[in-house]
Structures are given as structure tokens and as C-alpha cells.
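Each chain, written out:
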Amino acid sequence: MHVAIIMDGNGRWAERQGLPRLVGHANGHKAARRVIQMAPDYNVQYLSLYTFSTENWRRSKEEVDGLMRLIEETAIEELPVMKRNGVRILVSGRMGDLPESLQSTLTRAQQETADNAKITVNLAINYGGRAEIIDAIKKLAQQNIDPNDLTEERFAQALYQPSLPDPDLLIRTAGEMRFSNFLIWQTAYTEVHITETLWPDFDATDLQAALEDYRSRSRKFGGIIVE
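## What to know about unusual backbone geometry
Reasoning step 1: A positive phi is found at N144, a non-glycine position, where the angle reads about 55°.
Reasoning step 2: Within the secondary structure, N144 is located in the loop between helix 5 (129-142) and helix 6 (152-156).
Reasoning step 3: The phi dihedral of A174 falls on the positive side, at around 70°, and the residue is not glycine.
Reasoning step 4: With respect to the helices and strands, the residue A174 is situated in the loop between strand 5 (169-172) and strand 6 (191-194).
Reasoning step 5: Residue class for A174 comes out buried when judged on its relative accessible area of 8%.

Right under this line is the structure:
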């Protein structure tokens, strides 16, 4: 099973407690660690986490710089744990626009966990669904693909992580009701679960509720279920 999560509400969590927004992001990291640790217990084999979007560059320089440091420090701190716990790390997004030290850290994390098989965690960093589609088109153009030979399957192979199955479930925290440019190709038939819980407070109860909601639905993929 592949679960994708839009981890929303870090800033609001901090503001409600009179704390700087970066404190909220740091506590959001703790929530991500919890979910990664418990996901395999719920038969989740793939987890995609919306970590930093292409639109997040519009935030204040102080917040962006703080987020870049937090992502890098977290990746360095968590790498030994990920290796020990069988977590494979992938990164989706335009890595070339990230600070060089962060690029190096993320590359190392992918290389050193490449053989792990307990769970795959796909970190969407400097990621945008529209940007991914544009990058896929550019890639196909460079391969001189005849448009008449283009199929959905062939296009999907040009996306950032073609080895990943499409998400079965998309969870969005903090009550927001939009996709925010996340995996817009891959989520064409994904079930969506919205929770009012702010991301730093997301725990096993919230994950279990989302999965129970998902399992209560009938997935028809445009067809008809025959009783």
C-alpha cells in the first residue's frame, strides 16, 4: 500500500502556542518520524511525504533558510536510524535548486539506504506536480519520442520516481481541502482523507482512522462493482 501525506499545519500549531513557526516545523519532523516508524505495522510499504514544495520558496528568507537547515540536519540525524530500521529513502523534486550541502546529504541518504526493503519513504523536496509533468515532457522530448507512440504508461516512466506505485490513499492534515500541486498525475484515482489534526499532533490514532476510512470505500476506477 502506498500512502501519500500533505503534512499541513506546522506553522499554525506553533502560532497557537505562541512559538516561532520553525518550532512547528521541528515538531512536524517528530510526527514524520512517528509515521515512518509505525507505517509498516499497518501494511504500508510506500510513504510519500510532501516536505517542501516549489511554492514554499515564496515564504520569508528566514523561514526558507531555517527549513533547509532543518531538512539537512534531520536527514543526517535520521540516516543511521533509517539504515538500521530497513527504510529506503527516495527524493522527488528539483534537487538541483537546493543548497549543495543538502543535495549531498540527500544523495548520500538515497545511496546508503538503496538496498533496504521494509518501507520506502519518498521525500518530496522542492517538488511540484506541475513541475514534475513539465520535467517529464522535457525528458521525453530529449529522447525524441514520437507523440503518436506516447501512452500513459510511457509518460509515467518519465516521472521522478517511476518505480513507485500510484498512491492508494492521500492524507491531508489541518483540514485543508486541496491537493496543493502534490502528485497530481499519480493521484488520479487516489482516495482522499482529510483530518482537522495539525501535522505535529498526527499520531497512530489519526493514521488508523485514515486507513479505516480508506478501507470502508469501494474503489471502482471508473467501472462498476458487480455484487
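Right, picking up where we left off after that structure.
## Focus: the side chain of E176
Reasoning step 1: Position of E176 relative to the elements: it lies in the loop between strand 5 and strand 6.
Reasoning step 2: At a separation of 3.2 Å, a polar atom in the side chain of E176 contacts the side chain of R12.
Reasoning step 3: In this structure the side chain of E176 is engaged in a polar contact, spanning 2.9 Å, whose partner is the side chain of R178.
Reasoning step 4: Leaving out residues up to four positions away in the same chain, E176 has contacts with D8, R12 and I194.

Cut-offs and rules
Residues numbered from 1 in each chain as written. Predicted model: local features only at pLDDT ≥ 70, side-chain atom pairs only at ≥ 80, totals over all residues. Heavy atoms only, no water. Helix = DSSP H or I, 4+ residues; strand = E, 2+ residues; numbered from the N terminus. Buried < 20%, exposed > 50% of the residue type's maximum accessible area, 1.4 Å probe, protein only. Polar contact = N/O pair within 3.5 Å; in protein donor to acceptor, adjacent residues only side chain to side chain. Contact = heavy atoms within 4.5 Å.

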